[in-house]
Amino acid sequence: MAEVVSMDEIRATAARLDIDLSSVDLDSIRLPPGEDFGVISDDEDLKGEDPLEFEAGFGNIIVVDNLPVVPKEKFDKLEGVIRKIYSQIGVIKEDGLWMPVDPETQKTQGYCFIEYNTPQEAELAKEKTNGYKLDRSHIFAVNMFDDIEKFMKVPDEWAPPETKPYAPGENLQKWLTDEKARDQFVIRAGSDTEVLWNDARQSKPELVYKRSFWTESFVQWSPLGTYLATVHRQGAAVWGGATTFNRLMRYAHPQVKLIDFSPGEKFLVTYSSHEPSNPRDTHRVVINIFDVRTGKVMRDFKGSADEFAIGGTGGVSGVSWPVFRWSGGRDDKYFARIGKNVISVYETETFTLIDKKSIKVENVMDFSWSPTDPILALFAPELGGGNQPARVSLVQIPSKEELRQKNLFSVSDCKMYWQSNGDYLAVKVDRYTKTKKSTYTGFELFRIKERDIPIEVLELENKNDKIISFAWEPKGHRFAVIHGDSPRPDVSFYSMRSGTNTGRVSKLSTIRGKQANALYWSPGGRFIILAGLKGFNGQLEFYNVDELETMATAEHFMATDVEWDPTGRYVVTSVTSVHEMENGFNVWSFNGKLLYRIMKDHFFQFLWRPRPPSFLSPEKEEEIAKNLKKYSKKYEAEDQDVSLQLSEQDREKRKMLKDEWERWVNEWKRLHEEQKLERQMLRDGEASDEEEEYEAKEVEVEELLDVSEEVISFD
């Protein structure tokens, strides 16, 4: 093994050879094969964990078996047929098709090798043509060339797997037992990723874990806060632990760009998009669904970007994200995707379609799951110039029974909003006026848990108002709407209950002329932030919906994001690197008091760590709320202790500042005394330093600067 050289030695050698290290691209340096110069890679364990992840250099070659065995005179015809089939999928390299010939019989041997430009094209060819029926006697069997070595290593005789002794794992929920009942959050700034406690009592965060270059693009918490996921060129990884963050599992998926967890954290969906070798073709999409705990691929989906681009917004290369949407609850039982005129619903027991077929819905444009029940809400726009109306349907899974349908006329656009408990569904419907020159907006409100699912229509007082934002109160019956024209639209609050009548929607209040374009409810309901982001430069209004009054107004200049902590006690506003200045985040109390501010250059991400649902029953939570004073005594005493501690710290800080000031004054007096004689000499012997004892006089002094002679001619 070569000798390990320190960075100081490298700098010294570079200086001796007159080499500017700043101009050297260290990333472009490649070590000789098999040499690591004594530096063990962080990815070294990947080889041991997943022996199938090897790079043999033949990933772009497929083997096609079960071809006809033909004599030499029919060789060209068979080669032409095969080339025609496989050149439609990708670009075959020059001399990239080879059919072995038996030297004795001079006939083909019934298989061939095809080499494409890219591994993605080879994988697509395998997927599309494995099982292809050339004729009644010849059905293609297609494999990747790299898989041949794997098949050759399969032993002839079966051996039972080695049984490993049970080793108890770490408590991945240990962070929930924090004695101070604090919440964690993760931030990314520059090359660093940090996990911190929000210590609002001390008005500062407390570091839990910090790592440089932890991820290559972004980080993401799992829905229940158990794992932190990172994204790398080789794939994704999840981290967690009792006291620190250890890598728990890796998921091999080269060039992964996006990830998504199932609600119960059982599965992880990864996505990548690859450019085609033929510019006329669309991007090649690969989606894998992994078991989070074992890292096993449960199902993969591959195809062109066009196949995954129907419905929804966002994503990469025209693909809507998430491609697969999970059913409500934490059982992770179903997931679905939208296709052309179909909704494909899969169940996770076998990862196959329910009843082996998709739900046919002509021209379906969007769908969403109930957050708590296996119910799909589907939207299909108008057809035939309005002869067939648009409709919203509710479908029960797995029976595929249609629970409710509502036909909608003159529809321009439609968007669906579920309440977090699945009690209500609001459908925002933009309709054309009779002249078709403008649109107006109304709401169709579905009461999901009531008999026959009644629907109520809600129109604003001025139905021509533009709807800027809509948001349900979490776990509640109220919702808020920002409507009207900028720069000062109105904000209205509604309830799905009307006095003693719980089956009728009613307006609670409208507040006029607010600089707001986004709504952020507290996770516990009751409180809401009316935020003016982007063009409104970070205007914030903390509003109590129970009392219908403003608690505080504030501003976080250039704020890009607002995020409540999972308990609804604190809220963070942040300025990310989309702006070059003021990067960082502010932590506020629920009622709008600024607790502390952290500035970070190149600030990319802030995410609160989610909490799993409480184990307390609704009745127990209600009992605690009624007797809050009894339970709060303990915490009031703790708050008082912290307050006294902070007061003592403030006193010590003030005393330290006072002592420092007195030291500076004494030093100044000492220097002043030492320079007394010098000042006296400068004043021509006058000893006093008091300015009042002297009279200021102006003295004119003439000074000859230059003398020159010039001869003037009188001619």
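Residues numbered from 1 in each chain as written. Predicted model: local features only at pLDDT ≥ 70, side-chain atom pairs only at ≥ 80, totals over all residues. Heavy atoms only, no water.

Caption draft 1: Layout of the sheet that holds strand β27 (residues 411–418). Across the sheet, which stays open at both edges, the 4 strands sit in the order β27-β28-β29-β30 with antiparallel pairing between neighbours. Each end of this open sheet is capped by a strand with a single partner; those strands are β27 and β30 (455–459). Strand-to-strand, the axes of this sheet are offset by a mean angle of 20°, without reference to chain direction. (Pairing = 2+ DSSP bridges. Helix = DSSP H or I, 4+ residues; strand = E, 2+ residues; numbered from the N terminus. Axes fitted to C-alpha atoms, helices over the stretch in contact; angles between N-to-C directions.)

Caption draft 2: Structural detail: the UniProt feature "domain: RRM" (unreviewed entry) in the chain. Residues annotated by UniProt as "domain: RRM" (unreviewed entry) correspond here to residues 60–147. Summarising residues 60–147: 31% helix, 31% strand, and an end-to-end C-alpha distance of 12 Å. (UniProt positions renumbered as here; feature names shortened; annotations may be inferred.)

Caption draft 3: Region of the structure containing a nonpolar patch on the surface. A cluster of nonpolar side chains, namely Ile148, Phe151 and Met152, defines an oily patch on the protein surface of about 320 Å² accessible area. By the element assignment, methionine 152 lies in helix α5 (residues 145–152). Methionine 152 gets classed as exposed once you look at its relative accessible area, which sits at 68%. (Patch = residues over 30% accessible without salt bridge, like charges linked within 9 Å, V, L, I, M, F, W, Y side chains within 5 Å. Areas by Shrake-Rupley, 256 points an atom, 1.4 Å probe, with all protein chains shown as cover. Salt bridge = Lys/Arg side-chain N within 4 Å of Asp/Glu carboxyl O. Buried < 20%, exposed > 50% of the residue type's maximum accessible area, 1.4 Å probe, protein only.)

Caption draft 4: Structural view of the packing of aromatic side chains. Overall, the coordinates contain 40 aromatic pairs when judged by the stated rule. Plain terms: the ring middles of tyrosine 111 and phenylalanine 113 are 5.8 Å apart, the flat faces sit at 85° to each other, and that makes the pair edge-to-face. Residue tyrosine 111 is classed as partly exposed on the basis of its relative accessible area, which comes to 26%. Both rings, one in tyrosine 132 and one in phenylalanine 140, keep their centres 5.4 Å apart while their planes meet at 45°; by these two values the pair is tilted. Tyrosine 132 sits in the partly exposed class, given a relative accessible area of 34%. Judged by relative accessible area, phenylalanine 140 falls into the buried class, the value being 2%. Taken together, the ring pairs connect Phe267, Phe301, Phe324, Trp326, Phe335, Tyr346 and Phe351 into an aromatic cluster. (Phe/Tyr/Trp six-rings, centres within 6.5 Å; stacked < 30°, edge-to-face > 60°.)

Caption draft 5: How the structure looks around the sheet that holds strand β9 (residues 204–212). The strand order across the open sheet formed by 4 strands is β9-β8-β7-β43, and the pairing between neighbours is antiparallel. For this open sheet the edge positions go to β9 and β43 (603–608), each flanked by a neighbour on one side alone. Each neighbouring strand pair of the sheet contributes to a mean axis angle of 20°, computed without reference to strand direction. Across 8 bridges, the pairing between strand β8 (residues 192–199) and β9 is antiparallel. Within the sheet, the bridge partner assigned to aspartate 192 lies in β9 and is serine 212.

Caption draft 6: Quick look at the nonpolar core. By size, the foremost hydrophobic cluster in this structure holds 21 residues, and its most contacted members are Ile62, Val64, Ile82, Tyr86, Ile114 and Tyr116. Secondary-structure elements contributing two or more residues to this core are β1 (61–65), α3 (75–87), β2 (92–98), β3 (111–116), α4 (119–129) and β6 (141–144). Ranked by the residues each element gives to this core, the list is headed by α3, at 4 residues. In contact with isoleucine 62, other than residues within four places in its own chain, are Tyr86, Cys112, Phe113, Ile114, Tyr116, Ala122, Ala125, Val142, Asn143, Met144 and Phe145. Ranked by size, the runner-up nonpolar core spans 18 residues in total, among them Val269, Phe308, Val319 and Phe324. (Core = buried A, V, L, I, M, F, W, Y, C linked by side-chain atoms within 4.5 Å. Contact = heavy atoms within 4.5 Å.)

Caption draft 7: The side chain of histidine 274, seen in detail. Among the structural elements, histidine 274 can be located in strand β15 (residues 267–274). The buried category is assigned to histidine 274, whose relative accessible area is 7%. A distance of 2.9 Å separates a polar atom in the side chain of histidine 274 from a polar atom in the side chain of serine 272. Residues in contact with histidine 274, not counting those within four places in the same chain, are Gln120, Pro254, Gln255, His283, Arg284 and Val286. (Polar contact = N/O pair within 3.5 Å; in protein donor to acceptor, adjacent residues only side chain to side chain.)

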